[in-house]
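Residues per chain are reported as follows:
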Amino acid sequence: MANYETCRKCGHKLEGDDIAIYRKLVLRCADEFLCIDCLAEYLGVSRAAIEAKIRYYRESGTCLLFR
């Protein structure tokens, strides 16, 4: 069953950016997600790096996930 409400690791409430960046960086057809903090840990990067990617995709206007 799909879970669009909470992070699969920590249970934190998910926002649209959490879902979009997970789909962009991990698995486009995912139906379970990690929050930005858990995703950063999973990828071995900082939260700031994930937030920078989100800003980049939103400002570029080329990614449908961030419109």
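Look up: the structure comes first, before these words.
Residues numbered from 1 in each chain as written. Predicted model: local features only at pLDDT ≥ 70, side-chain atom pairs only at ≥ 80, totals over all residues. Heavy atoms only, no water.

### Describing the overall build of the protein
On a plain count of helices and strands, the protein comes out with three helices and zero strands. Each helix and strand of the protein, placed in order from N terminus to C terminus, yields the pattern α-α-α. Whereas a compact globule of 67 residues would reach a radius of gyration of roughly 11 Å, the protein reaches 11 Å, a difference of no more than 12%. For the C-alpha atoms alone, the extent of the protein along its principal axes is close to 30 × 25 × 20 Å. (Helix = DSSP H or I, 4+ residues; strand = E, 2+ residues; numbered from the N terminus. Rg over C-alpha atoms; globule rule 2.2 N^0.38 Å.)

### What to know about the nonpolar core
Counting residues in each nonpolar core, the largest one holds 19 residues, and the members touching the most others are Ile21, Ile50 and Phe66. Going through the elements one at a time, α1 (16-25), α2 (36-43) and α3 (47-60) are the ones with two or more residues in this core. Those residues in contact with Phe66 that sit more than four places away from it in its chain are Asp17, Ala20, Ile21, Lys24, Ile54, Tyr57 and Arg58. (Core = buried A, V, L, I, M, F, W, Y, C linked by side-chain atoms within 4.5 Å. Buried < 20%, exposed > 50% of the residue type's maximum accessible area, 1.4 Å probe, protein only. Contact = heavy atoms within 4.5 Å.)

### A few points about a nonpolar patch on the surface
Nonpolar side chains collect at one region of the surface, where Leu25, Val26, Leu27, Tyr42, Leu43 and Val45 lie side by side and expose about 480 Å² of accessible area between them. Following the sequence through the fold, Tyr42 ends up in helix α2. (Patch = residues over 30% accessible without salt bridge, like charges linked within 9 Å, V, L, I, M, F, W, Y side chains within 5 Å. Areas by Shrake-Rupley, 256 points an atom, 1.4 Å probe, with all protein chains shown as cover. Salt bridge = Lys/Arg side-chain N within 4 Å of Asp/Glu carboxyl O.)

### With respect to the environment of Glu5
Within the fold, Glu5 resides in the segment before α1. Given a relative accessible area of 55%, Glu5 falls into the exposed group. Separated by 27 residues in the primary sequence, Glu5 and Glu32 place their C-alpha atoms 8.9 Å from one another.

### A closer look at the environment of Cys63
Secondary-structure assignment places Cys63 in the segment after α3. Along the chain, Cys63 and Lys24 lie 39 residues apart, while their C-alpha atoms are 8.8 Å from each other. In this structure Cys63 touches Lys24 and Tyr57, once residues within four positions along its chain are discounted.

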